[in-house]
Amino acid sequence: GESVGLHLPTLSVQEGDNSIINCAYSNSASDYFIWYKQESGKGPQFIIDIRSNMDKRQGQRVTVLLNKTVKHLSLQIAATQPGDSAVYFCASATNKLIFGTGTLLAVQP
Amino acid sequence: DSGVTQTPKHLITATGQRVTLRCSPRSGDLSVYWYQQSLDQGLQFLIQYYNGEERAKGNILERFSAQQFPDLHSELNLSSLELGDSALYFCASSVDGRTYNEQFFGPGTRLTVL
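This is a predicted model, so every value here is computed, not measured.

Asker: Please give an account of the pairing of strand β3 (residues 19–25) of chain A that cites residues and values.
Answerer: Side chains on a regular strand alternate between the two faces of the sheet. Residues and elements named next belong to chain A. Along β3, the buried face is formed by Ser19, Ile21, Cys23 and Tyr25; none of Ile20, Asn22 and Ala24, which line the opposite face, is buried. Relative to strand β8 (residues 72–77), β3 runs antiparallel, the two being bridged by six bridges. Within β8, the residue paired with Cys23 across the bridge is Leu73.

Here you go:
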């Protein structure tokens, strides 16, 4: 069946470093992708999205890269801050959203 | 604060019981979504309503049902509860029910079935 999975369950980075979180999806028909941030005790929060006709999209301190050939997307966070500590997960969409299981980003001061 | 409210925050019950989770969408949002987040399966879409009508159905069990009322709040009913139903249940809302990037999630209800 369809799946969206994350390569690394936990990522530990130093404050100020760049973070890269990866995600693989299985449905080549997926045409829309979203990254979410979920802080402890809170619901998921939209970070950035990208459509399948794009390879890269930038937001404020975040960049999403999409490689349709290998069905992979990544989230890059520049100058990671303690407030970035959270679970990050991706979702892919055709007619419904399929969510990945999440990567815990731990920022060390 | 997303503007979406969910009650209760925590719920502990026994197997075989029935519970009702409540969601109030953001002011102006017509669409409500329900999601289940468990440790082993991540976040899964259950069902969506738009202006009182069911719009989309995901992996919702027959033991579960939902509705959206005229004031746009929604309730998710879970019956004949099993241990495996223990999870976080999130509600999200959006204005038109068509744009995923405009979904705002509530804080969730943590259901524990003993």
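Back to the write-up after that little detour.
Asker: Describe the pairing of strand β11 (residues 103–108) of chain A, naming the residues involved and giving the relevant values.
Answerer: All names here are of chain A. What you see with β11 is a clean split: Thr103, Leu105 and Val107 sit on the buried side and Leu104, Ala106 and Gln108 on the side with no burial. Inspection of the sheet shows strand β2 (residues 10–14) paired to β11 by five bridges, in the parallel sense. Among the inter-strand pairings, Val13 is bridged to a residue of β11, identified as Val107. The sheet contact formed by strand β9 (residues 86–93) and β11 spans three bridges and is antiparallel. Bridging from a neighbouring strand, Ala86 pairs with Leu105 of β11.

Asker: For the interface of chain A and chain B, give the residues involved together with the corresponding values.
Answerer: At the interface, 16 residues of chain A touch 12 residues of chain B. It is Pro44(A), Leu97(A) and Phe99(A) in chain A that bury the most area against chain B; as a group they hold 35% of the surface buried on that side. Applying the counting criterion to the chain A and chain B interface returns zero salt bridges. Of all the secondary-structure elements, those providing two or more residues to the side of chain A that touches chain B are β4 (32–38), β5 (45–51), β9 and β10 (97–99) of chain A.

Asker: A description of the sheet that holds strand β3 (residues 19–24) of chain B should follow, citing residues and the corresponding values.
Answerer: Residues and elements named next belong to chain B. With respect to topology, four strands assemble into an open sheet ordered β1-β3-β8-β7, the strand pairing being antiparallel. Whereas interior strands pair on both sides, the edge strands pair on one side only; in this sheet they are β1 (5–7) and β7 (64–68). Going across the sheet, the axis of each strand differs from the next one's by a mean of 15 degrees, ignoring polarity. Summarising the sheet, β3 and strand β8 (residues 74–78) pair through five bridges and their orientation is antiparallel. Paired with Val19 across the strands is Leu78, a residue of β8.

Asker: Talk me through the packing of aromatic side chains; I want residue IDs and the actual numbers.
Answerer: The relation between two aromatic rings is expressed through the spacing of the ring centres and the mutual angle of the planes. Residue and element names in this part refer to chain B. Counted according to the given criterion, the structure contains 11 aromatic pairs over all chains. Pairing Tyr33 with Tyr35 gives two aromatic rings, centres 6.4 Å apart and planes at 20 degrees, and the pair type is stacked. A single burial state applies to Tyr33 and to Tyr35, both of which are buried. For the cation-ring pair, Arg26 lies above Phe104, with the distance from its terminal atom to the ring centre recorded as 3.8 Å.

Asker: Go over the state of the cysteines, please, and point to the residues and values.
Answerer: Taken as a whole and assessed by the stated rule, the structure comprises two disulfides over all chains. Disulfide pairing is shown between Cys23(A) and Cys90(A); the S-S distance is 1.7 Å. Within this pair, whereas Cys23(A) is found in strand β3, its partner Cys90(A) is found in strand β9, the two being separated by 67 residues in sequence. Each member of the pair, Cys23(A) together with Cys90(A), is buried. Disulfide pairing is shown between Cys23(B) and Cys91(B); the S-S distance is 1.8 Å. Sign of the S-S torsion, about -50 degrees for the bond between Cys23(B) and Cys91(B), identifies this disulfide as left-handed. Highlighted residues: Cys23(B) in strand β3 and Cys91(B) in strand β9 (residues 87–94), separated in sequence by 68 residues.

Criteria and cut-off values
Residues numbered from 1 in each chain as written. Chains lettered and ligands numbered in written order. Predicted model: local features only at pLDDT ≥ 70, side-chain atom pairs only at ≥ 80, totals over all residues. Heavy atoms only, no water. Buried < 20%, exposed > 50% of the residue type's maximum accessible area, 1.4 Å probe, protein only. Helix = DSSP H or I, 4+ residues; strand = E, 2+ residues; numbered from the N terminus. Pairing = 2+ DSSP bridges. Contact = heavy atoms within 4.5 Å. Buried area = accessible area lost by both parts, 1.4 Å probe. Salt bridge = Lys/Arg side-chain N within 4 Å of Asp/Glu carboxyl O. Axes fitted to C-alpha atoms, helices over the stretch in contact; angles between N-to-C directions. Phe/Tyr/Trp six-rings, centres within 6.5 Å; stacked < 30°, edge-to-face > 60°. Lys NZ or Arg CZ within 6 Å of the ring centre and 35° of its normal. Disulfide = S-S within 2.5 Å.

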